Amino acid sequence: MTETKRPSWWPWLLFVWMVVVIWAAFYYAPSARGFKGESARIVFFHVPQAWVAVLAFCVNLVFSIRYLRRRDALDDARAAAAARLGLVFAVLATVTGSLFARVMWNHFWNWDPREVSIAILLLIYFAYFALREAVADEERRGALSASYAVLAFVTMPFLIFVVPRIYWSLHPDTIINTRGSIDMESRMLHVLIGSLVGFTGLFFWLYALDVRLARLRQKHQQRGEV
Amino acid sequence: MLFLPAMTGGVRVAFDQIGKRFGNRTVLARVSGVLEPGRVVVVAGPNGSGKSTLLNILAGVLRPSRGTVSYRSGDGELPRGRWFERLGVAAPDMAVYEELSALENLGFFARVRGLRAGAGEHAALLEELGLGPREHRRPVGTFSSGMKQRVKLALAVLHDPAVLLLDEPSSNLDEAGHRVVAALVERFRARAAVAVASNDPREIAWGDARIELAL
Amino acid sequence: MRASSLLSEALAVLGKEWTSELRSRVALNAIGLFALTTLIAVAYQIGPYRISEADRPFLLAALLWIILFFAASSGLARVFVKEEDAHTAKTLRLAARPAAVFAGKLLFNLILLLCLEALIVPLYCALMGFAVRSVAGLALVLAFGAVALASTATIVAAIIARASGSGTLFAILTVPLALPLLVFLIQGTRAAAQADAIAAVFPALRAIVSLAGVTLVASVYLFPVVWHD
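None of these values were measured; they are calculated from a predicted model.

How each quantity is defined
- Residues numbered from 1 in each chain as written.
- Chains lettered and ligands numbered in written order.
- Predicted model: local features only at pLDDT ≥ 70, side-chain atom pairs only at ≥ 80, totals over all residues.
- Axes fitted to C-alpha atoms, helices over the stretch in contact; angles between N-to-C directions.
- Helix = DSSP H or I, 4+ residues; strand = E, 2+ residues; numbered from the N terminus.
- Parallel < 35°, antiparallel > 145°, perpendicular 65-115°, else oblique.
- Left-handed = near helix turned anticlockwise from the far one by under 90°.
- Contact = placed C-beta atoms within 7 Å.
- Nonpolar A, V, L, I, M, F, W, Y, C, P; charged D, E, K, R; others polar.
- pLDDT = per-residue confidence, 0-100.
- Core = buried A, V, L, I, M, F, W, Y, C linked by C-beta atoms within 7 Å.
- Buried ≥ 20, exposed ≤ 12 C-beta atoms within 10 Å, placed from the backbone.

1. Description of the packing of helix α6 (residues 98-128) of chain C against helix α7 (residues 135-161) of chain C
Residue and element names in this part refer to chain C.
Okay, step 1: Here α6 crosses α7 at 135 degrees, and the two axes come no closer than 9 Å. Of the possible angle classes, the one that applies to α6 and α7 is oblique. The element α6 and its partner α7 pack so that their crossing is right-handed. Residues F102, K105, L106, N109, L110, L113, L114, E117 and V121 of α6 touch α7, and the partners they reach there are L142, A146, V147, L149, A150, S151, A153 and T154.
Okay, step 2: Within the contact of α6 with α7, the residues separate by chemical class into 12 nonpolar, 3 polar and 2 charged.

2. What to know about the confidence of the model for chain A
Residues and elements named next belong to chain A.
Okay, step 1: When pLDDT is averaged across chain A, the result is 82; 81% of the residues are at 70 or more.
Okay, step 2: The weakest mean pLDDT in chain A belongs to helix α6 (residues 178-181) at 45; the strongest belongs to helix α2 (residues 43-70) at 92.
Okay, step 3: Counting interchain partners and residues more than four positions distant, the pLDDT-below-50 stretch residues 169-182 has 7 contacts.

3. Some remarks on the nonpolar core
Okay, step 1: Within the largest apolar cluster, 198 residues are counted, with the highest numbers of intra-cluster contacts made by A56 of chain A together with V141, A157 and I208 of chain C.
Okay, step 2: If you tally residues by element for this core, the top one is α7 of chain C, at 18 residues.
Okay, step 3: A157 of chain C has contacts with L76, A77, V79, F80, V81 and F170 of chain C, leaving out every residue within four places of it along the chain.
Okay, step 4: Among the nonpolar cores identified, the runner-up in size contains 10 residues, and A25, A40, M188 and V191 of chain A belong to it.

4. Some remarks on the interface of chain C and chain A
Bring the parts together and some accessible area is lost; that lost area is often taken as the interface size.
Okay, step 1: Contacts between chain C and chain A engage 23 residues on the former and 26 residues on the latter.
Okay, step 2: Taken together, the elements giving at least two residues each to the side of chain C that touches chain A come down to α7, α8 (167-194) and α9 (202-227) of chain C.
Okay, step 3: Take the side of chain C that touches chain A: its biggest share by element is 10 residues, from α8 of chain C.
Okay, step 4: Grouping the constituent residues of the side of chain C that touches chain A by class yields 19 nonpolar, 2 polar and 2 charged.

5. Notes on the interface of chain C and chain B
Okay, step 1: Between chain C and chain B, the residue contacts involve 23 residues of the former and 25 residues of the latter.
Okay, step 2: Residue assignment for the side of chain C that touches chain B shows that the elements contributing at least two residues are α1 (6-24) and α5 (89-93) of chain C.
Okay, step 3: Top element by residues in the side of chain C that touches chain B is α1 of chain C. It accounts for 8 residues.
Okay, step 4: Looking at the side of chain C that touches chain B residue by residue, the classes come out as 9 nonpolar, 7 polar and 7 charged.

Have a look at this one:
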């Protein structure tokens with residue numbers, strides 16, 4: 001991935017976009033029916049956060065595999081950058097989801113399949129960084145954490161697709177999946193999509209910054225040796 | 001001669017512009033050379049100059065930050081994953097299984113290398129390296145460091161390697177032990193590509209060629 | 001001049017592991033004691049009478065696997081950590097094919113797990129009054145569950161042995177990977193407890209076998225990367 005010279009107005013565009021999204025979430029989108037008060041509005045933030053957490057996981061996987069094949073330190077830096085952001089967004093998604101659950105159903109945690117998936121994603125991220133912390137040598141750190149990322153990735157489909165089917169039958173109480181079962185009015189859909197785009201842009205901007213820092217660090221290090 | 005018949009021809013190890021960096025510390029810079037049957041290469045230098053690191057890189061256990069290492073035999077270039085088949089290494093950071101006896105260690109490593117040699121041949125090898133028959137069946141954990149070193153050397157030559165890397169081979173050994181190692185090096189000088197890393201002037205004297213490492 | 005097959009080399013590694021283990025008995029003691037202690041503590045407090053009939057299959061299945069999983073975690077990492085600690089890892093690395101090393105150690109962990117299950121499960125059923133209607137179904141879940149758990153544990157053990165080697169790190173890395181597996185194991189055990197037909201465990205068994213397969217395939221590719229620098 002070559003460094004594209006992004007114009008300097010890009011972060012400002014992102015800023016304006018997010019401001020508009022936040023405003024729209026509260027004023028443009030109508031109140032959702034069937035929800036306690038205005039609590040549904042958190043969905044405009046919660047869903048994109050969860051989406052970015054998963055996207056980050058995929059980016060991490062791609063660069064982990066690339067690192068295993070080419071052993072380029074920059075690929076490891078990219079994988080770690082994606083994972084760092086993924087962790088942040090996974091935490092945000094868990095917290096916002098939890099708050100919503102408290103308001104709607106009076107419990108912070110309901111063992112909804114999606115809740116479990118995001119919690120396990122969180123555990124995977126924690127494990128990933130715990131592993132990185134435990135290895136001093138850079139190359140070994142990259143190889144081991146990339147291996148773990150691949151291992152985690154192959155287990156995930158079972159979590160996301162198979163376990164929910166099992167859980168559904170164990171727990172007869174229907175838990176409304178907020179995203180699926182509500183007809184989204186077109187205005188709400190606009191805001192949701194706008195928010196998705198905004199959060200994705202936010203992820204890539206932060207990710208690019210992190211990678212640029214790693215690249216500079218690498219150049220500095222290389223210059224340091226004869 | 002109690003070693004198994006030599007494998008297909010000799011192996012030539014060529015290393016070029018080897019550099020190794022650990023974090024911000026550069027341990028090796030631009031080291032080049034060749035290991036081939038017929039001459040012993042000695043890697044000398046003060047403590048911390050990277051002798052063991054170089055040997056680890058040549059063994060394929062460590063990747064260099066820069067430079068290349070190639071193993072070439074009569075059949076062509078050997079991929080890194082197969083170097084170990086033709087390689088014998090004895091180093092201070094390599095131990096043997098202490099719960100097992102000397103014979104059990106040799107037996108295990110022979111089996112895992114796909115060798116068919118039996119206990120009799122292993123016993124003969126151990127004796128040649130100075131371990132009497134009474135020691136063969138005791139757990140290696142009860143051995144002195146000199147005796148453990150002899151077992152390590154036995155493991156290094158068990159499969160008649162085409163490349164022999166010895167890191168401070170006479171360490172922990174008495175005079176008799178030192179002579180045993182010298183005889184070993186002599187025996188392998190013509191048939192294998194030998195490298196010895198050492199600070200000991202007597203060991204350095206074995207070398208036909210020398211790579212001098214600096215701090 | 002390789003006169004042997006991967007299988008014989010793997011069996012050589014397995015043989016060495018067993019010989020070492022029988023002489024030192026560290027892993028056997030750790031796993032066995034952990035399991036027995038937990039089982040006795042649970043059985044003493046809960047026993048066969050304190051759980052209502054309706055909840056029994058759910059709770060007892062879950063408790064069984066909690067005991068098995070954590071007992072296993074206390075000993076399964078040893079197979080690689082011990083090599084690094086004793087400095088024999090490099091010696092082994094320079095003598096054996098990675099596939100043989102992984103296969104041998106995987107088989108060792110599998111046998112360890114099967115022994116653990118053979119010890120604990122009958123005791124658990126007796127002490128907790130866990131009536132299992134399909135013993136064959138339970139046996140299948142236990143057998144394939146052991147394969148899946150051993151696969152995950154062995155590759156993670158290989159990873160952490162090259163890191164800090166601590167038991168905590170092993171637990172941190174294993175839990176997210178083992179959670180889906182545990183869900184299916186508990187579900188399969190519960191099915192075996194509740195239904196007579198062996199087919200009741202098949203849905204969970206399918207998932208367990210797939211998980212085992214997927215983990216094994218990934219491990220085959222990942223182990224050489226983890227094992228060598």
